[in-house]
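Residues per chain, in single letters:
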Amino acid sequence: MSQLNPLKIRNIVELYDLLPEDERLIVDVLRAIIRETLPDYCREKISYNVPFYYGNKGICIVWPSTVPRGGIRKGVLLGFWYGCRLVDEDRLLSHGTNKQIFYKIYQTVEEIDETAIKKLLNEAIRIDCGFKKAR
């Protein structure tokens, strides 16, 4: 990807067209879990060329390795913006060098633990409800 022609994904269809099948399936399953779990006040948008979920502040992000600047070489990252505040009973998340964003990288759909993700999402929603809506 050259500096003169940077990637600009505007919607999910454009993202899915870019992704190899294995990443597309993982992204699709993660999106379904997230969209089913988040309350109505939360929204999905494409930001940094990937699905980003926010309420009063950022909640989580789904970053396939095919999309540049995600910091991963293979798989799909599910990151929580305030992961450092989550109670991660299932020890699903890693934090690498980032002190705030905690994440899990999925290589296959079979690795996805829907119950554990929903627990984290519900905890992230509880945290998000403590933030005042940005104006």
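Relevant structure appears above.
Quick summary incoming for the structure in this document.

Calculation criteria
- Residues numbered from 1 in each chain as written.
- Predicted model: local features only at pLDDT ≥ 70, side-chain atom pairs only at ≥ 80, totals over all residues.
- Heavy atoms only, no water.
- Helix = DSSP H or I, 4+ residues; strand = E, 2+ residues; numbered from the N terminus.
- Polar contact = N/O pair within 3.5 Å; in protein donor to acceptor, adjacent residues only side chain to side chain.
- Expected span 1.5 Å × (residues − 1).
- Buried < 20%, exposed > 50% of the residue type's maximum accessible area, 1.4 Å probe, protein only.
- Contact = heavy atoms within 4.5 Å.
- Phe/Tyr/Trp six-rings, centres within 6.5 Å; stacked < 30°, edge-to-face > 60°.
- Axes fitted to C-alpha atoms, helices over the stretch in contact; angles between N-to-C directions.
- Parallel < 35°, antiparallel > 145°, perpendicular 65-115°, else oblique.
- Left-handed = near helix turned anticlockwise from the far one by under 90°.
- Core = buried A, V, L, I, M, F, W, Y, C linked by side-chain atoms within 4.5 Å.
- Pairing = 2+ DSSP bridges.

**Topic: the environment of Asn 11**
Take Asn 11: it is sitting in the segment before helix 1 (12-18). Expressed as a C-alpha distance, the spacing of Asn 11 and Asn 49, which sit 38 residues apart in the sequence, is 8.4 Å. Reaching out from Asn 11, the side chain makes a polar contact with the backbone nitrogen of Glu 14 at a distance of 2.9 Å.

**Topic: helix 3 (residues 114-129)**
Between its first and last C-alpha, helix 3 extends 22 Å over 16 residues, near the 22 Å set by a 1.5 Å rise per residue. Among the residues of helix 3, Ala 116, Ile 117, Leu 120, Leu 121, Glu 123, Ala 124, Ile 125, Ile 127 and Asp 128 are the ones counted as buried. If you follow the buried residues of helix 3, they end up packed against helix 2 (21-37), strand 3 (58-64), strand 4 (76-80) and strand 5 (102-106). N-capping of helix 3 is provided by Asp 113, with a side-chain oxygen placed 3.2 Å from the backbone N of Thr 115.

**So, the packing of aromatic side chains**
Inspection of the entire model under this criterion finds 3 aromatic pairs. Between Phe 52 and Tyr 54 the ring centres are 5.9 Å apart and the planes differ by 20°, which places this aromatic pair in the stacked class. We classify Phe 52 as buried; its relative accessible area is 12%. By relative accessible area, which is 25% here, Tyr 54 ends up partly exposed. With 4.9 Å between their ring centres and 45° between their planes, Tyr 82 and Phe 131 make a pair best called tilted. One end of the pair, Tyr 82, is in the loop between strand 4 and strand 5; the other, Phe 131, is in the segment after helix 3, and 49 residues separate them in sequence.

**Thoughts on the packing of helix 2 against helix 3**
Any two packed helices are characterised by the angle at which their axes cross and by the distance between the axes. Orientation of helix 2 relative to helix 3, taken along the N-to-C sense of each, is 45°, at an axis distance of 10 Å. On the basis of the axis angle, helix 2 is oblique to helix 3. Both helix 2 and helix 3 take part in a crossing whose hand is right-handed. Between helix 2 and helix 3, the residues in contact are Leu 30, Ile 33, Ile 34, Glu 36 and Thr 37 and Glu 114, Ile 117, Lys 118, Leu 121, Asn 122 and Ile 125, respectively.

**Overview of the nonpolar core**
Judged by nonpolar contacts, the single largest core of 41 residues is most densely connected at Leu 30, Leu 78, Phe 80 and Ile 117. Listed by contribution, the elements that provide at least two residues to this core are helix 1, helix 2, strand 2 (50-54), strand 3, strand 4, strand 5 and helix 3. For this core, the element with the most residues is helix 3, which contributes 7 residues. Discounting residues that sit within four places of it in the chain, Leu 78 has contacts with Leu 30, Ile 34, Cys 60, Ile 61, Val 62, Phe 102, Tyr 103, Lys 104, Tyr 106 and Ile 117.

**Side note on the side chain of Asn 49**
Within the fold, Asn 49 resides in the loop between strand 1 (43-47) and strand 2. Of the polar contacts made by the side chain of Asn 49, one reaches the backbone oxygen of Leu 7; its length is 3.1 Å. Aside from chain neighbours lying at most four places away, what touches Asn 49 is Leu 7, Lys 8, Ile 9, Leu 15 and Val 67.

**A short note on the sheet that holds strand 1**
Spatial strand order, 1-2-3-4-5: 5 strands in an open sheet with antiparallel pairing. Of all the strands in the sheet, just strand 1 and strand 5 have a single pairing partner and so form its edges. In this sheet, neighbouring strand axes are inclined to one another by 20° on average, regardless of whether the strands run parallel or antiparallel. Note: strand 3 against strand 4, 5 bridges, orientation antiparallel. Bridged to Pro 64 within strand 4 is Val 76. Each of strand 3, strand 4 and strand 5 is contacted by helix 3, which is oriented at about 35° to strand 4, the strand it contacts most.

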